[in-house]
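Chain by chain, the residues run as shown.
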Amino acid sequence: MLGSLRPRQVIYKHFSSFFSLAVRSWRFAFHQYFYQVARDAVLRFRPSISITPYHANVKESRFNVDFFKEFDVVLNGLDNLDARRHVNRLCLAADVPLVESGTTGFLGQVTVHLKGKTECYDCQTKPAPKTYPVCTITSTPSKFVHCIVWAKDLLFAKLFGDKNQDNDLNVRSIDAANSSDHSEDLFECRKDEDIEQYGRRIYDHVFGHNIEVALSNEETWKNRNKPRPIYSKDVLPEKLTKENGNMEKGCTADDASAMASLGLKNPQDLWSLKENSRVLLEALRLFFLKREKEIGNLTFDKDDQLAVEFVTAAANIRASSFGIPLHSLFEAKGIAGNIVHAVATTNAVIAGLIVIEAIKVLKKDSNNYRMTYCLEHPSKKLLLMPVEPYEPNKSCYVCSETPLSLEVNTHRCKLRDFVEKIVKAKLGMNFPLIMQGASILYEVGEDLEEDMVAIYAANLEKSLCELPSPVTSGTVLTVEDLQQEFSCSISIKHREEFDEEKEPDGMLLSGWVEAPAPVIEDNNKPVGNSESTSNALPAEDILETEKDVEIQEISEGTKIVTGKKRKLSEVFKGTAPDHSGLSYESRNHNQLEKLDVDDEDDELIISDDWESLTKKRRL
């Protein structure tokens, strides 16, 4: 099939763009990066072609709109929602077709996105990441994931991350400081103690003292099982070095491992409380011994072995305290890093489908574009389901420039919260420019003057209503990302109070109406638009890429709004769909039923009328 196009080199030139853009640095057993393995594999059967690999982040400024314009098609297989959205916007700005793809286990999909003709990657809303109330994480965990979040986002960040960042462990630290004969930061190593003494003090504080403080509030435990304080002296001998023996044997910063140091080999073994305690203290020791220069700037990375060991051990100790079942390092890493493990055969199928759609794009065979979905179980005796792409969602704020609305307490919310939680986290912008009329409130860029950098930094710490151009109810902000060449408008509405559990950010972004709510069959029983889809697809079956993927759980507050969609053939013909006056509910029985399942992201589609669906339609 590749040889059917002329000139042949064109195909491989653009086929290589997938590898050029697969810039995430996945390590294999022999310490080779993913892009190197992919390039070498292709060159084995086509040594004459040219492939330029990049070991970099796709969000770097050099991968701008001009860079994307060099390609006739972009084949995307990135591993997280934020990067996918970034590439989608660059492809829209460059007017370059995008072939999206992803797999998780036996599920997979390939979708085609063309500016102005099909829906873009952002046309379908993506399920919001699952969030947990702070009080649950810090005081009343009931699931192992609560312990992981506590160990990763609180304890690890407090010990090894930016000391200036707010951290909810400070609440308990202040309580402890007030009840002791010292008031300095309890998480700082003192001059008169060695690393082992420091580690034991931290251990006793977070797993012993803090639990006792929590137990003092009897009201909290009336309907809950009480946790038990755990102190190092009750679990470990006085001198760890005597028992461990090989703790001082050499290792480099890159391969520092508490497991290796302690002789623990199998990551799927379930460690005892004693083993978890030893791993925790040894990981802490190795961080200070081998990676001291990184302390203060570290963030958790699932590919950082020592960080995973520390978080696993800390989460297990906390779980033991609260009577929650312990997990192996392999399981804990999957939860902490949001990992769904890949199936090679699914990846191979999806890779082939990617190339098929790429060839259609290069041949400009638009009436035969298909979004193809790979299913775990046959439907109508078929595992692959191709469907026609849909037209752009007119309510999409990315490709249709629909204005957004933000409910926020303008007196309490700081500009920093708006930038981090809305502009970056929800809108996916990396280099934002925020304006009110002609007034610039915030800007990011390498060419900014120092005085302007200082002004914008000061603005970040001001509440919205205190900014030089005050942001109040009725204000309309313009937010741009110059790298993505993307802009949108946000109308501000002041709101006094928010539900801490349902709206933990203290802000509510709305105004983006998604296309028809998708659902799928469950055991051959159709799920209607008004019914719950919680049983239609397991939470784990969230589409990923060719490697690991960030899991996004659908929160209870996710709002699904139905609307109308048209297939791509209808868009090209310029005709409106004929529904013969039937209601949406009546039409739904013989039409596609879709469920947005996300690795971030994509759609799984089941058809009630497979025979008519698979017929090719000529323009």
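Structure report, in brief. Residue numbers here run from 1 along each chain, matching the order of that chain's written sequence. Given that this is a predicted model, residues contribute local features only at a pLDDT of at least 70 and side-chain atom pairs are listed and counted only at 80 or more, while totals for whole chains, interfaces and linings are drawn from all residues. Processing note: side-chain calculations cover all non-hydrogen atoms of the structure and skip hydrogens and water entirely.

### Thoughts on the sheet that holds strand 5 (residues 382–387)
Consideration 1: Taken together, 5 strands build an open sheet; the order of strands is 1-2-3-4-5 and the sheet is mixed. Single-partner strands in this sheet number two, and they are strand 1 (74–76) and strand 5. Sheet twist, expressed as the average angle between the axes of neighbouring strands with direction ignored, equals 20°.
Consideration 2: When DSSP locates at least two bridges between a pair of strands, those strands are taken to pair. Helix numbers and strand numbers start at the N terminus; a helix is a DSSP run of H or I with at least 4 residues, a strand a run of E with at least 2. Across 7 bridges, strand 2 (residues 98–104) lies against strand 3 (residues 107–113) in antiparallel orientation. Within strand 3, the position partnered with leucine 98 by the bridge is histidine 113.
Consideration 3: In what follows, a contact means two residues having at least one pair of non-hydrogen atoms within 4.5 Å. Axis definition: a line fitted to C-alpha atoms, over the contacting stretch in the case of helices. Angles run 0 to 180 degrees between N-to-C directions. Sheet contacts for helix 15 (residues 344–362): strand 1, strand 2, strand 3, strand 4 (371–379) and strand 5; angle to strand 3, the most-contacted strand, approximately 15°.

### As for the pattern of salt bridges
Consideration 1: Salt bridges are identified by distance alone: a Lys or Arg side-chain nitrogen within 4 Å of an Asp or Glu carboxyl oxygen. The tally for this structure, following the rule as stated, stands at 19 salt bridges.
Consideration 2: Arginine 62 is paired through a salt bridge with glutamate 60; the nearest N and O atoms lie 2.9 Å apart.
Consideration 3: Its salt-bridge partner being lysine 414, residue glutamate 461 comes within 3.9 Å of it at the nearest N-O pair. Separated by 47 residues along the polypeptide, glutamate 461 in the loop between helix 17 (450–460) and strand 9 (476–481) and lysine 414 in the loop between strand 6 (404–408) and helix 16 (415–424) bring together distant segments of the chain.

### A short note on the pairing of strand 6
Consideration 1: With a 1.4 Å probe rolled over the protein chains alone, any residue whose accessible area is under 20% of its type maximum counts as buried; one over 50% counts as exposed, and the rest are partly exposed. In terms of burial, strand 6 is a largely internal element, 4 of the 5 residues being buried.
Consideration 2: Examined bridge by bridge, strand 6 and strand 10 (residues 486–494) share 5 bridges and lie parallel to one another. For glutamate 407, the partnering residue across the bridge sits in strand 10 and is lysine 493.
Consideration 3: Sheet topology note: the strand 6/strand 11 (residues 507–510) ladder contains 4 bridges and is antiparallel. Each residue of the ladder has a partner; that of valine 408, found in strand 11, is methionine 507.

### Let's talk about the environment of alanine 260
Consideration 1: As for its placement among the helices and strands, alanine 260 is situated in helix 11 (residues 258–262).
Consideration 2: C-alpha separation for the pair alanine 260 and valine 279, spaced 19 residues apart in sequence, amounts to 9.9 Å.

### Brief notes about the pairing of strand 8 (residues 439–443)
Consideration 1: Sheet topology note: the strand 7 (residues 432–436)/strand 8 ladder contains 4 bridges and is antiparallel. Paired with leucine 433 across the bridge in strand 8 is glutamate 443.
Consideration 2: Taken together, strand 7 and the strand that follows it, strand 8, pair antiparallel across an intervening segment of 2 residues, in which glycine 437 is found at a positive phi of about 65°.

### A word on a negative patch on the surface
Consideration 1: A contiguous patch of negative charge on the surface is contributed by Glu446, Asp447, Glu449, Glu450 and Asp451.
Consideration 2: Summarising the element assignment, glutamate 446 is placed in the loop between strand 8 and helix 17.
Consideration 3: Note on glutamate 446: relative accessible area 81%, which makes it exposed. Patches in this entry comprise residues that are over 30% relatively accessible and not in a salt bridge; like charges within 9 Å are linked, as are nonpolar side chains (Val, Leu, Ile, Met, Phe, Trp, Tyr) within 5 Å. Here, Shrake-Rupley sampling with a 1.4 Å probe gives the accessible areas, and only protein chains in the shown set may cover a residue. Working convention for charge: Lys and Arg count positive, Asp and Glu count negative, and His plus the chain ends are omitted. Charge placement uses NZ in Lys and CZ in Arg. For Asp and Glu, CG and CD serve respectively.

### A few points about the sheet that holds strand 6
Consideration 1: One open sheet accounts for 6 strands, arranged 8-7-9-10-6-11; its pairing is mixed. The open sheet terminates on both sides in strands that have one partner only, identified here as strand 8 and strand 11. Between one strand axis and the next, the sheet turns by 25° as a mean value, whatever way the strands run.

### A word on the packing of aromatic side chains
Consideration 1: Only rings of Phe, Tyr and Trp enter the pairing, Trp through its six-membered ring, and a pair is recorded when the two centres are within 6.5 Å. The plane angle decides the type: under 30 degrees is stacked, over 60 is edge-to-face, the rest tilted. Counting across every chain of the model gives 18 aromatic pairs.
Consideration 2: With 6.5 Å between their ring centres and 70° between their planes, tyrosine 442 and tyrosine 456 make a pair best called edge-to-face. Of this pair, tyrosine 442 sits in strand 8 while tyrosine 456 sits in helix 17; the two residues are 14 residues apart in sequence, bridging distant segments of the chain.
Consideration 3: Note on tyrosine 442: relative accessible area 10%, which makes it buried.
Consideration 4: You can call tyrosine 456 buried: its relative accessible area is 5%.
Consideration 5: Taken together through their ring pairs, the aromatic side chains of Phe156, Phe160, Tyr198, Phe287, Phe288, Phe300 and Phe310 make up a single cluster.
Consideration 6: For the cation-ring pair, arginine 89 lies above phenylalanine 486, with the distance from its terminal atom to the ring centre recorded as 4.4 Å.
Consideration 7: Two thresholds decide whether a charge sits over a ring: the Lys NZ or Arg CZ must be within 6 Å of the ring centre and within 35 degrees of the ring normal. Sitting above the plane of the tryptophan 150 ring, arginine 318 keeps its charged end 4.5 Å from the centroid.

### Overview of the state of the cysteines
Structurally, a disulfide amounts to a covalent bond that connects the sulfur atoms of two cysteines.
Consideration 1: A pair of cysteine sulfur atoms is labelled a disulfide when the two atoms are within 2.5 Å. On inspection of all chains with the given rule, the structure shows 0 disulfides.
Consideration 2: Considering cysteine sulfurs only, cysteine 399 is the nearest to cysteine 123, which forms no disulfide, with 3.4 Å between them.
Consideration 3: When its relative accessible area of 0% is taken as the criterion, cysteine 123 is described as buried.

### Topic: the environment of valine 112
Consideration 1: For valine 112, the location among the structural elements is in strand 3.
Consideration 2: Since its relative accessible area comes to 1%, valine 112 is described here as buried.
Consideration 3: Expressed as a C-alpha distance, the spacing of valine 112 and glutamate 100, which sit 12 residues apart in the sequence, is 6.3 Å.
Consideration 4: Apart from the residues within four sequence positions on either side, valine 112 is in contact with Leu98, Thr118, Glu357, Val361, Tyr369, Arg370, Met371 and Pro389.

### A few points about the packing of helix 6 (residues 144–160) against helix 12 (residues 273–290)
Consideration 1: Running from amino to carboxyl end, helix 6 crosses helix 12 at an angle of 30°, the nearest separation of the two axes being 12 Å. As far as their axial angle goes, helix 12 and helix 6 are roughly parallel. Relative to helix 12, helix 6 is oriented so that their crossing is right-handed. Contact residues: Phe156, Leu159 and Phe160 in helix 6; Leu284, Phe287 and Phe288 in helix 12.
Consideration 2: Throughout, the ten residues Ala, Val, Leu, Ile, Met, Phe, Trp, Tyr, Cys and Pro are labelled nonpolar, Asp, Glu, Lys and Arg are labelled charged, and all others, Gly among them, are labelled polar. When grouped by side-chain class, the residues that make up the contact of helix 6 with helix 12 number 6 nonpolar, no polar and no charged. When describing relative orientation, an angle under 35 degrees is termed roughly parallel and one over 145 degrees roughly antiparallel, while 65 to 115 degrees is termed roughly perpendicular and anything else oblique. In a left-handed crossing the near helix is turned counterclockwise from the far helix by less than a right angle, and in a right-handed crossing that turn is clockwise.

### Observations concerning helix 12
Consideration 1: In a helix, the anticipated span is given by 1.5 Å times the number of residues less one. With 18 residues, helix 12 ought to run about 26 Å at 1.5 Å a step, and its terminal C-alpha atoms sit 25 Å apart, in line with that.
Consideration 2: Helix 12 sits mainly inside the fold: 14 of its 18 residues count as buried.

### A closer look at the nonpolar core
Consideration 1: For this analysis, a nonpolar core means a set of buried residues of the types Ala, Val, Leu, Ile, Met, Phe, Trp, Tyr and Cys, connected via side-chain atoms within 4.5 Å. Formed by 58 residues in total, the largest nonpolar core has its most connected members in Trp150, Phe156, Leu159, Phe160, Tyr203, Phe207 and Phe310.
Consideration 2: Of all the secondary-structure elements, those providing two or more residues to this core are helix 6, helix 8 (195–215), helix 11, helix 12, helix 13 (305–321) and helix 14 (329–336).
Consideration 3: Contact partners of tyrosine 203, with chain neighbours within four places excluded, come to Gly208, Ile230, Tyr231, Ser232, Val235, Leu273, Ser277, Leu280, Leu281 and Ile317.
Consideration 4: Val423, Ile434, Leu477 and Ile492 belong to the second largest nonpolar core, which has 33 residues in total.

### Section: unusual backbone geometry
Consideration 1: A positive phi angle, close to 55°, is found at lysine 364, a residue other than glycine.
Consideration 2: Here lysine 364 lies in the loop between helix 15 and strand 4.
Consideration 3: One non-glycine residue, lysine 380, lies in positive phi territory at about 55°.
Consideration 4: Relative to the helices and strands, lysine 380 is located in the loop between strand 4 and strand 5.
Consideration 5: Exposure remark for lysine 380: the relative accessible area of 45% places this residue in the partly exposed category.

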